[in-house]
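Report on the structure
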Amino acid sequence: MIKHYLTLWLVLFAVLAAQAEDNPSAKAKRKAKTASPFAGLEHLFTEPKHYVTHFTKEAPNIDGHLNDKVWQQAAWTDLFTDIEGDLKPAPTYETRVKMAWDNEHLYIAAEMKEPHVWANLTKHDEVVFYDNDFEVFIDPDNDTHQYFEVEVNALNTIFDLFLSKPYRNNNGALIAWDLHGLKSAVQVQGTLNDPTDTDEGWTVEMAIPFRSVTLGNVTRVPTEGTLWRINFSRVQWDVDVVDGKYVKRKGEDGKPLPEYNWVWSPQGVINMHLPERWGYLYFSQQPSGEQSINFTMPYAEMQKQYLWLVYYRQKEYFGKHGRYSKSLKELGLKNGKVEVEGKANQLKLEAGTLQFMAAIQGPDGKVWSINENGFVQTIKGLQ
């Protein structure tokens, strides 16, 4: 008899379980339990591009022509994509970059296809992206603060600036700062500002001194394995020919149509000033072509993804509630235990009304932290 009742109970349990499986509410709950904490923010967590730059004993001649031996040996980056990545169509015209370095400079070569090359701005530190331009963003410390930007148009007009932290942190740019010792040159494959013909495009060469992108008195020259964050942007405007001149195309409101933003490593949003989304630049002392370097994402960079998740969720939370959350659970993380590449990590959050700090510690005991300004650094062990 007991065996009979047990069998009936097992059958009933199976029926109830099957009904629960078909219940929409139950499905929603299971989905919520298994949903990724990154859900809804996937566009901010695509893996950035990477480039291995090789040491050169023979510096290129900075003349805008990309025919130097070093450029013949260096590899091109992938073609640029829209700043939002796959959310937008591929760029109309191709853009790509090469890099090399020696003990004094980072060398950059850029090639931009363009049937109509034009530029108007001629004064240093004018807002160059009001013309079509090429832009470089560098964060040597990979902490999203104290980074550098250089813009150039087809007239080789330079706009260089330093940012102590991104604009999102109620910050402005130090435009009076100059990238001392910068060498740059432009060559147009066609004729500049002439709508009567069809051009091939334009090329840019730059030599950026390590001294000028170093904070402090001791110049930080890369060594084997040094890792920077870097990205490149190309601003492109739609134009019409009016009275023999290029004029920005206007919308119904009489204002110029929005510019296109084409980049090497997609940002996920229309904002270049998210340094955590820039690509990785790996410095190798091996000459180009002599040894293949297989770049792998550093474990610490994968850990930091959880810090950035907390940062973005906290900003959302603050926008709704006027304060930061003190709970990881409120931010979509069940608890402080997360896995990174199959290894257990401890995540911790401390917050007040207007400030917060999140930290993550992995198997090696090293602790990475982030605060409300998006500043990333190492701190002592978690308590």
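Residues numbered from 1 in each chain as written. Predicted model: local features only at pLDDT ≥ 70, side-chain atom pairs only at ≥ 80, totals over all residues. Heavy atoms only, no water.

In the nomenclature of an unreviewed UniProt entry, the chain corresponds to Carbohydrate family 9 binding domain-like from the organism Pontibacter chinhatensis.

Here we take up the overall build of the chain. A tally of helices and strands in the chain yields four helices and 19 strands. Seen through its principal axes, the chain has C-alpha atoms that stretch 95 × 55 × 45 Å. For the chain, the residues scored as buried account for 45% of the 383 residues in total. On the chain, roughly 19,900 Å² of surface is accessible, and the fraction owed to carbon and sulfur atoms is 52%. (Helix = DSSP H or I, 4+ residues; strand = E, 2+ residues; numbered from the N terminus. Buried < 20%, exposed > 50% of the residue type's maximum accessible area, 1.4 Å probe, protein only. Areas by Shrake-Rupley, 256 points an atom, 1.4 Å probe, with all protein chains shown as cover.)

Tallied over the entire structure, the rule returns 26 aromatic pairs. Both rings, one in Phe318 and one in Tyr324, keep their centres 4.7 Å apart while their planes meet at 40 degrees; by these two values the pair is tilted. Residue class for Phe318 comes out partly exposed when judged on its relative accessible area of 28%. Chaining the aromatic ring pairs together yields one cluster made of Phe38, Phe45, Tyr306, Trp308, Tyr311, Tyr312, Phe318, Tyr324 and Phe356. Cation over ring: Lys248 sits above Trp237, and NZ or CZ is 3.8 Å from the ring centre. (Phe/Tyr/Trp six-rings, centres within 6.5 Å; stacked < 30°, edge-to-face > 60°. Lys NZ or Arg CZ within 6 Å of the ring centre and 35° of its normal.)

When the charged atoms of two side chains with opposite charge come close together, those side chains can pair. The full count for this structure, using the stated rule, is eleven salt bridges. One salt bridge connects Arg313 with Glu316, and the closest N-O pair in it is separated by 3.3 Å. Here the residue Arg313 and the residue Glu316 both occupy positions in helix H4 (residues 299–321), the gap between them amounting to three residues, near one helical turn. Using a relative accessible area of 16% as the deciding quantity, one classes Arg313 as buried. What emerges from the salt-bridge pattern is a single network uniting Arg229, Glu301 and Lys304. (Salt bridge = Lys/Arg side-chain N within 4 Å of Asp/Glu carboxyl O.)

Before going further, it helps to examine the nonpolar core. By size, the foremost hydrophobic cluster in this structure holds 45 residues, and its most contacted members are Met99, Leu106, Ile108, Phe134, Val204, Ile230 and Phe232. Per-element accounting of this core gives the leading share, six residues, to strand E4 (residues 105–113). For Ile108, the residues in contact, after removing those within four places along its chain, are Trp71, Val97, Lys98, Met99, Phe134, Val136, Val204, Glu205, Met206, Ile208 and Phe232. Formed by 28 residues, the second largest nonpolar core is a distinct cluster that contains Tyr324, Leu331, Val340 and Val376. (Core = buried A, V, L, I, M, F, W, Y, C linked by side-chain atoms within 4.5 Å. Contact = heavy atoms within 4.5 Å.)

What follows deals with the UniProt feature "domain: Carbohydrate-binding" (unreviewed entry) in the chain. Look at the UniProt record and you will see "domain: Carbohydrate-binding" (unreviewed entry) annotated at residues 62–220. Here residues 62–220 runs as 3% helix and 33% strand, with 23 Å between its end C-alpha atoms. (UniProt positions renumbered as here; feature names shortened; annotations may be inferred.)

Mean pLDDT over the chain stands at 91; residues scoring 70 or higher make up 90%. Throughout residues 1–21 the model reports pLDDT below 50, and contacts reaching past four residues in sequence, or to other chains, amount to four contacts. (pLDDT = per-residue confidence, 0-100.)

What follows concerns the pairing of strand E9 (residues 201–209). With nine of nine residues buried, E9 is to be regarded as a mostly interior element. Of the two faces of E9, the one holding Gly201, Thr203, Glu205, Ala207 and Pro209 and the one holding Trp202, Val204, Met206 and Ile208 are both buried throughout. By the bridge criterion, nine bridges tie E4 to E9 in an arrangement that is antiparallel. Among the inter-strand pairings, His105 is bridged to a residue of E9, identified as Pro209. Here seven bridges tie strand E8 (residues 183–189) to E9, and the two strands are oriented antiparallel to one another. By the bridge assignment for E9, Ala185 is matched with Glu205. (Pairing = 2+ DSSP bridges.)

In this section: the environment of Phe38. Position of Phe38 relative to the elements: it lies in the loop between helix H2 (24–34) and strand E1 (50–55). Phe38 sits 275 residues away from Arg313 along the chain, and the two C-alpha atoms are 9.5 Å apart.

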